[in-house]
Every structure is written in C-alpha cells, then in structure tokens.
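Analysis of the macromolecular model
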Amino acid sequence: MSCANITKKLINQVPDCELECNEGLVAVNPGLCLVEGHNVVIRSDANSVVSDNHVILISGGGSGHEPGHGGFTGKGMLTACAFGSVFTSPPPKTIMAAIDAVCQGKSGCQVLMIVTNYTGDRLNFGIACERARVKGNNVEMVVIGEDCALESIDLSAGRRGLAGTILIHKIAGAMAEQGRSLSEMVAELDVIKGKMGTIGLSLSSCSVPGCGPMFELQHDEMELGLGVHGEAGVKRIKIDSAHGAVKTMMEHMTNPKTSTYLPLKSGDKVAVLINNMGGTSILELNVVAREAIFYLEQKGVIVERAYCGSFLTSLEMAGVSISVLHVTDDILTYLDFPTDAPGWRPPYLPPGHKTRVTPNKMKVITGDSVMADSDAEKLSEGQSQMVYTAIKTVCDNLMAMEGHLNDLDKQSGDGDCGSTISRGATAIKAALGSASNSSLPLDCPHALALCIAQEVENSMGGSSGALYSLFFTGMANELKVVTPESLSAAWKAGLEAVMKYGGARPGQRTMIDPLNAAWLCFNKEFQSKGTREAIKVAAEVADRMSKETAKMDAQAGRASYVNKELLSKPDPGAVAVAVWMKAIANAI
C-alpha cells in the first residue's frame, strides 16, 4: 500500500484516531464507556449481564468500519467490543480486557464471541477464547462468513464476514436478553448464519489515515464483490444506473453456478440490509434500497423487514452492500426485539437519565497472561535440565535458519517468515537465561507451555505468533500431568487448536502437515519404543513431510492466493516445524 498522494482526513494524529473515535462515541452515548488502558467499548451497566446470568456477547475487529462494531454495543446487542488499528484485528489482550471488564474477576461466565471470517480475527479471538476458558469461563465462538462474491473458495481463506454480521449481532442480542443458554444460541446462530448472503459494490476506493487510496477506479468503472478492507472484488464493471447495478449484484449473489451463492425462490421470506460502505449519500442509499426491494418483490420474494443505513463501513469508500437473510417467525421476533445500541437506534442514555451525562471510565484489572495451575505436576532436576537444553537448542537452530526461511517465504508471502520466527526464538532464549537462573518455569510443563505461548504472541506478531500461541495454549491443560500419554494428548490438543482457529487441515501445505504427521507417528510409537525414541522418529517424519509440502496445492493461508505453478519450494512454516522438532530430538 503506497502512502503517496495522502488523502485528507479530519483527524488529529494518525496513531490516535482509533481511540479518539471511540472517545467520541462514548461522549455522545453515555450508556457506553471505555475500559481504561484499552480500546474497548462496553455497556456502562455490563455488570447486570453477569448478575442476570445472561450470555455475554463480545465482538470487534479493526477500526474504520464504524458504526460497526462499537455502535452495536448496548442492551439488546453486544455487551462489549474490542478494537484494533484501522483494518487490523485487535490483539488478544484487548479482547481479554473486554471479557475481564464484564466478568470483573468472576469465573464461570458464559461468553459468546461473534467473529468475522478473516484470518487475523479468527486467530486473535481464538487465542482470547482459549485463554478465557483457562480462566474458568464457558466460551464459544461463532464465525460469520456470508460473502457471496467468491466464485470458488477452494484456494482461498473462505467466505469473508461482511455487513450481514450486524444482523447476527442483533439476533444474538435478543437471544441473550431472553435468557437463552450459550449452547442453544450457538446451535441456532450456526443455522441462521447459513441462511444469509452479502454482496458489495464500490464506486471509489478508501484510504487508511496517513496514506493514499488503496486502489484506483476509473471514472467509468465500478468494483463488484469487494470486501470491507479495501481489498479488490471479483471483477470490474462499467458504471451503471442504480437499477442496473442492483440487478448485477443480486444476480451474482443468487447465481447457482458460483460456490457461495444464496438460494432465493418465489415465496421465500427475507430481511434485507442495505449498507453504506462509508461515502455514499443518503439519497443514493435510499435509491439502492428501493431497487433492491423492488428486485426481490418482482421475483416473488417477500421482504418482511428492510434496514437501510451505515452498519459496517470501509472508511470513506463510496459504495453499498446488500445483505439478504432468510427469516422465520422466530428470527423476526429477534430482529424486532428492542435494543438501546446507538448504531441501531437513537443514542443510548443510561437508565434514569434524560440528559447526556458521561460516566467515569470503568477501571478493571486485566492481565496479558493466564495463571498456571499451582497443582500441576513438576519435573525432576535432571528432567528440567533436559528441557533447558532442548529449548536452547531449538532457539539457536531457528535463529540460524532465519535467512533460509525468509527465502522460502518470498515465493508465497512477504519474505519475513524466518525473521518472525527468529524474533520468537530470540525472546524465548532471553527469557530462558541460564539453567540455574531462568525466568521460565522449566520444572513445570503446564506453566512452561503458557509462558512460551505468551512470549511468542508478544514477540512474533502476525499469524505465526498467533498460531504458535494457540499451539502452546492448547497444550497447557493436558500437561498438568507428566506422562507419555499426556504429552501425546497435549500435542493433539495444540494441533486441534491451530486447525480450529487457523482453518487449515492436513494436506493443505501449511505447518499443520508436519505437526500432524509427527503426532500420528509419536502416538503410534511411544508405547513400544519409549518417549525419546518416538520423538526422534517423529522428528524424521516431520522433516520428510515438510519437504513433501513442495508438491502440495496451497489451500490455506497467504499461499492459497498465489498461482500454484509458482510454488515450487516447501512451505516455510512447515520447514520451521521440522527444524525445531529435529532440534528437540537431538537435544534429548
């Protein structure tokens, strides 16, 4: 993204604009407040959600989509919302601050995270989800991906979450107010989200504060099927009337020849949401709403509810999106249920107030790390020394491989895989210190896994940091006892956490391939060959499988967007796994 020809923005300083936006939101709507020290918007009466034993609704994402998602925080919708920088998912500590601000130190809270289907959001909310579970809360995550633009999802990260997500906020909020259980909500929302589709259209690009336009459109062009982060759509078409543009959008959305289409037939009952992507005038928006409703009614579709306005924007992008949701009587009841969220209706005032009074900021004690279980089993002095040697060897080997991993990453990414992993190894080695004076709990595998998860998350950043944090966090619970069986179970739990939130599966050319192959080998061999020999054999399997990724088609991660003919080398993430597994095998 070039920062040439910087566009004008009515802000103060670029680094402050996201937080100042939310400070303005709560100043206008004193039924909301900010969590001190975090870019988190929360209901000022959030404690009533916990005291009434209702499900806590947490969502969020990058800034720049206002009023989504903070404007939909309030009674009847979200409980709290976590924000990242513009178009960047919030880090796990910000999401945890949102949860902690509501729970206020209580365990056993029921928490539902509503997350749009972008890799960064899945990973960072996934880390927070696992961390909140370790704290003793009951947490589930519903991922929304209703984009109907993609003609195929075989070689991509899947359907994106767009403006239809706001309808899920509304429905979930009504369910929570009615006292539905977490399991009931997840089951019903998983069905409802599959009955929805969204298609977008833009007439111009947007620009991140401090930079120029993210892409260029000629004066006679429109972009069909773009996402909410300024990423390009499926195709460019010539400028058309509102009637023609809506017809094109709806025909693409309902085209059964695409893999992401929304089925629509005469007699179906739907709710329609017409969303301003940021820079569209109300006049144009109402015209589009008119055309969308007329189009559906001419097809015999019954439009039960229609919503028109700014819901999930892309800064100042001139454009619209249309979301269609198949409805039942129950869904209509949820949509009609009252809410005080300011993005859905007029500003929210605290109970009993008729004038604007901004409350003090809520103070909450939060922490980045999860406390380890003090009853977890400990290792002997000799075993602790072996753990020290293994970690040091892993760190040294990964740091030495930085250049090679970067070279591998240049064919499918931005060439920084080795640097990212090296940062994590450097941070862990610094914390490792000496065998007699280490800040890592070398004698407790459970606590060590949690500490390493925190180190890589804070030092590496990006998807790699999140994936490794998920891996070690997922392992932690199974490592409260120290047996070959618990090591196998921990390995499996960490692997499943990475697959759950990262979205990749074996055979898709990622780090999952050597991790899975090595675990299968270890799980088969450790009882007959012993732990050390099984680890050695598993490391050899991981090395072979990492090389095999060169022959695989990428179906997950950034490489899935690259022409497969250009992918001739092994996946760098897979190679990194083989490096640290061989290092462990050699060290023990």
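In the block above lies the structure referred to throughout.
What this report covers is the structure whose coordinates are included nearby. (Residues numbered from 1 in each chain as written. Predicted model: local features only at pLDDT ≥ 70, side-chain atom pairs only at ≥ 80, totals over all residues. Heavy atoms only, no water.)

Summarising burial for strand 10 (residues 269–276): seven of the eight residues are buried, a large majority. As paired strands, strand 10 and strand 11 (residues 302–309) are joined by seven bridges and run parallel to one another. Bridging across to strand 11, L273 finds its partner in Y307. The parallel pair strand 10 and strand 11 is bridged by helix 8 (residues 282–298), and the resulting crossover is right-handed. Pairing geometry for strand 10 and strand 12 (residues 319–326), over seven bridges, is antiparallel. What sits directly across from A271, in strand 12, is L325. (Buried < 20%, exposed > 50% of the residue type's maximum accessible area, 1.4 Å probe, protein only. Helix = DSSP H or I, 4+ residues; strand = E, 2+ residues; numbered from the N terminus. Pairing = 2+ DSSP bridges. Right-handed = clockwise from strand over helix to strand, strands pointing away.)

Grouped together as the largest cluster of nonpolar side chains are 98 residues, with contacts concentrated most on I58 and M113. Counting residues in hydrophobic clusters, the runner-up holds 40 residues, among them L57, L167, V186 and M196. (Core = buried A, V, L, I, M, F, W, Y, C linked by side-chain atoms within 4.5 Å.)

What follows is about the sheet that holds strand 2 (residues 40–43). If you walk across this open sheet you meet the six strands as 1-2-4-3-5-6, and the pairing is mixed. A strand with exactly one partner marks an edge of an open sheet, and here the two such strands are strand 1 (32–34) and strand 6 (138–144). Each adjacent strand pair in this sheet contributes to an overall mean axis angle of 25 degrees, direction not counted. Pairing analysis gives three bridges linking strand 3 (residues 56–63) to strand 5 (residues 110–116), with the strands arranged parallel. Bridged to I58 within strand 5 is M113. Relative to strand 6, helix 6 (residues 182–192) is tilted by about 10 degrees, and along the sheet it contacts strand 3, strand 5 and strand 6. (Axes fitted to C-alpha atoms, helices over the stretch in contact; angles between N-to-C directions. Contact = heavy atoms within 4.5 Å.)

The end-to-end C-alpha distance of helix 14 (residues 462–476), which contains 15 residues, comes to 22 Å, matching closely the 21 Å that a straight helix rising 1.5 Å per residue would cover. The element helix 14 is extensively covered by neighbouring structure, given that 12 of its 15 residues are classed as buried. All of the buried residues in helix 14 are G465, A466, L467, Y468, S469, L470, F471, F472, T473, G474, M475 and A476. Residues of helix 14 that are buried sit in contact with helix 4 (119–134), helix 13 (445–460), helix 15 (484–502), helix 16 (512–529) and helix 18 (572–587). (Expected span 1.5 Å × (residues − 1).)

In this section: the layout of surface pockets. Approximately 1,200 Å³ is the volume found for the second largest pocket. As for the second largest pocket, its lining consists of 39 residues, of which V387, A390, M475, L487 and I584 are closest to the centre. Counting only elements with at least two residues in the lining of the second largest pocket, the list comes to helix 10 (381–400), helix 12 (417–432), helix 13, helix 14, helix 15, helix 17 (531–548) and helix 18. Take the lining of the second largest pocket: its biggest share by element is eight residues, from helix 10. (1 Å grid on protein atoms, 1.4 Å probe; cavity = no way out; pocket = protein on both sides within 12 Å on 5 of 7 lines; lining within 4 Å. Points joined across faces, edges and corners; volume = space filled by probe spheres on them.)

It is worth spelling out the state of the cysteines at this point. One pass over the full model with this rule turns up zero disulfides. Here C148 is not cross-linked by a disulfide; its sulfur's nearest cysteine counterpart is in C308, at 19 Å. (Disulfide = S-S within 2.5 Å.)

Each pair of packed helices gets described by two things: the angle between the helix axes and the distance between those axes. Between helix 17 and helix 18, the shortest axis-to-axis distance is 8 Å and the interhelical angle comes to 160 degrees. Taken together, the axes of helix 17 and helix 18 lie roughly antiparallel to each other. As helix 17 runs across helix 18, the sense of the crossing is left-handed. Contacts from I535, K536, A538, A539, A542, D543 and S546 of helix 17 reach helix 18 at A574, V575, A578, M581, K582, I584 and A585. (Parallel < 35°, antiparallel > 145°, perpendicular 65-115°, else oblique. Left-handed = near helix turned anticlockwise from the far one by under 90°.)

The next point concerns the environment of E540. Counting through the fold element by element, E540 comes out in helix 17. In this structure, the C-alpha to C-alpha distance between E540 and G70, residues 470 residues apart in sequence, is 49 Å.

Next up on the list: the sheet that holds strand 7 (residues 196–202). Read from one edge of the open sheet, six strands run 9-8-7-12-10-11, paired in mixed fashion. Two strands close off the open sheet at either side, each with one partner strand: strand 9 (235–238) and strand 11. For this sheet the average axis-to-axis angle between neighbouring strands, irrespective of direction, equals 20 degrees. Across seven bridges, the pairing between strand 7 and strand 12 is antiparallel. Its bridge partner being in strand 12, T198 is matched across the sheet by S323. Strands strand 10, strand 11 and strand 12 of the sheet are contacted by helix 9 (residues 329–336), whose axis makes an angle of about 25 degrees with strand 11.

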